Amino acid sequence: MRVDFHTHIIPPPDKLPDWKAQFGPGRWPSLVPQTEDSAVLMMGESTIMKLDDRFWSLDRRLIDMERQGVDLQVISPIPMLSCYWAAPEAGQAVARFLNQHIAELVATKPDKFAGMGTVPLQDVDRAIEELRFLREQLNMRAVQIGSCPAGRDLDDPLLFPFFEACRDLGVAVFVHPMQPLIGGERLARYYLPNIVGNPLETALAMTRLIVGGVLEKLPDLHICFAHAGGAFPLVLGRVDKGFAVRAEMRENIQRKPSEYARMIYVDALTFDPASLRLVVDKHGSDRVLMGTDYPFGLGEIDPIGAIKDAELSEEVTRAIIEGNVWAFLGEHR
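On a predicted model such as this, the values are computed, not experimentally measured, just so you know. (Residues numbered from 1 in each chain as written. Predicted model: local features only at pLDDT ≥ 70, side-chain atom pairs only at ≥ 80, totals over all residues. Heavy atoms only, no water.)

### Some words on the packing of helix α8 (residues 232-245) against helix α10 (residues 273-283)
- Where α8 contacts α10, the two axes come as close as 9 Å, and the packing angle between them is 45°. As summarised for this structure, α8 and α10 are arranged oblique, according to the angle between their axes. Along the contact surface, α8 presents F232, P233, L234 and L236, while α10 presents L278, V279, K282 and H283.
- Grouping the amino acids of the contact of α8 with α10 by side-chain chemistry returns six nonpolar, one polar and one charged. (Axes fitted to C-alpha atoms, helices over the stretch in contact; angles between N-to-C directions. Helix = DSSP H or I, 4+ residues; strand = E, 2+ residues; numbered from the N terminus. Parallel < 35°, antiparallel > 145°, perpendicular 65-115°, else oblique. Contact = heavy atoms within 4.5 Å. Nonpolar A, V, L, I, M, F, W, Y, C, P; charged D, E, K, R; others polar.)

### A look at unusual backbone geometry
- The peptide bond linking Y294 to P295 adopts the cis configuration, its omega dihedral lying at 0°.
- Within the secondary structure, P295 sits in the loop between β12 (288-289) and α11 (303-309).
- Although it is not a glycine, Y190 adopts a positive phi angle of roughly 65°.
- Note that Y190 resides in the loop between β9 (172-176) and α6 (192-211).
- For A228, which is not glycine, the phi torsion reads 60° and is therefore positive.

### What about the pattern of salt bridges?
- Tallied over the full model, the rule gives 15 salt bridges.
- With a closest N to O distance of 2.9 Å, R54 and D52 form a salt bridge.
- A cluster of three or more residues bridged by salt bridges with shared partners is formed by D153, D155 and R208. (Salt bridge = Lys/Arg side-chain N within 4 Å of Asp/Glu carboxyl O.)

### Some words on the packing of aromatic side chains
- As enumerated under the stated definition, the model contains nine aromatic pairs in all.
- Ring centres 5.0 Å apart and planes at 80° place the aromatic pair F55 and F296 in the edge-to-face group. Of the two residues, F55 sits in the loop between β4 (46-52) and α2 (58-68) while F296 sits in the loop between β12 and α11, which places them 241 residues apart along the sequence.
- On the accessibility criterion, F55 (4% relative accessible area) is buried.
- In this structure F296 comes out as buried when scored by relative accessible area, which is 18%.
- Residue placement shows K217 over the ring face of F160; its charged tip is 5.3 Å from the ring centre.
- Geometry around Y260 places R255 over its ring, the cationic atom sitting 4.6 Å from the centre. (Phe/Tyr/Trp six-rings, centres within 6.5 Å; stacked < 30°, edge-to-face > 60°. Buried < 20%, exposed > 50% of the residue type's maximum accessible area, 1.4 Å probe, protein only. Lys NZ or Arg CZ within 6 Å of the ring centre and 35° of its normal.)

### Observations regarding the pairing of β9
- Counting buried positions along β9 yields five of five residues, so the element is predominantly enclosed.
- Here β9 shows two buried faces, one formed by A172, F174 and H176 and the other by V173 and V175.
- In terms of strand pairing, strand β8 (residues 142-146) meets β9 through five bridges, oriented parallel. What sits directly across from G146, in β9, is H176.
- One crossover worth recording links β8 to the parallel β9 by way of helix α5 (residues 160-169), and it is right-handed.
- When β9 meets strand β10 (residues 223-225), the two strands line up parallel, connected through three bridges. (Pairing = 2+ DSSP bridges. Right-handed = clockwise from strand over helix to strand, strands pointing away.)

### Regarding the side chain of H227
- The residue H227 is located in the loop between β10 and α8 in this model.
- Within the local environment of H227, its side chain forms a polar contact with the side chain of D293, the two groups lying 3.2 Å apart.
- In this structure, H227 is in contact with H6, H176, P177, D267, L269 and D293, ignoring residues within four places of it in sequence. (Polar contact = N/O pair within 3.5 Å; in protein donor to acceptor, adjacent residues only side chain to side chain.)

### Some details on the nonpolar core
- Of all hydrophobic cores here, the largest spans 70 residues; its most connected members are V143, I145, F162, F163, I223 and F225.
- Here this core gets six residues from one element, more than from any other, and that element is α6.
- Setting aside its immediate chain neighbours within four residues, F162 contacts V119, L121, V124, A127, I128, L131, V143 and I145.
- Counting 18 residues, the second-largest nonpolar core is a separate cluster that includes L41, F55, A86 and L98. (Core = buried A, V, L, I, M, F, W, Y, C linked by side-chain atoms within 4.5 Å.)

What follows is the structure, given as structure tokens:
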């Protein structure tokens, strides 16, 4: 089964709740219809982007999956729907709606779709409560979180109980960059927050996870980072050098960072064969999953072809396209 692990979805315009009416003003997501099959995504009063019905129509997805040769998509909310800025009660209500919506979609085509949920990480207790609901009531095996949820780096001690709960419940974690913190005004043009900011943000998040000792304490946590780890594979040698010469880099970990890197999963979304070969070299051939970021414009339109272009061995190519995802999710198929 050829699995696209990294895809996103949003409820259609007529099903997205009016959260402003429920919880008061804020950067609530809404969809303003433009045509029969398109809408503009708003966050509060800010216009974000125009979306077409690939973002909410399963029929459109199935057509594209057939064209791509993908048998199954794992669908998660578009990242900005996490609403980490909201009050905890409101944030949990948003997460619950999105999780139930995804579960309902999956139930219509369980042979074609699997679900990945979201949790309100601005309140870790509520996040763990929602995580338990995901696993025990909705039977989801993965949760998507931001790279710096609610302004907390992944090694923040306040987040550790959440990662423990993920480990204990058997829920895999998918980390997606959201609102990169690096760059500010220097990234203001040319779509650079996404093109450059997200890879740098991901590299920072992965380094904090490792050097902060999260994997030292939870070596059996299943965690995956989007976009092939962003800039991380390229800076990993520098991180190892820092571990060798800086005492503060050795406060929480016993081995060099590159050894922990091989405990982390990443998707294969590089757009460059040589980069994908580097990712496989740094993380291991058993730690790379096929993912497209469908249906965003910076997604991969030919995921199987892109992986084959890297000219890896037939065994590694097949593992990335078909097999590694089930080890990550803790399933056997």
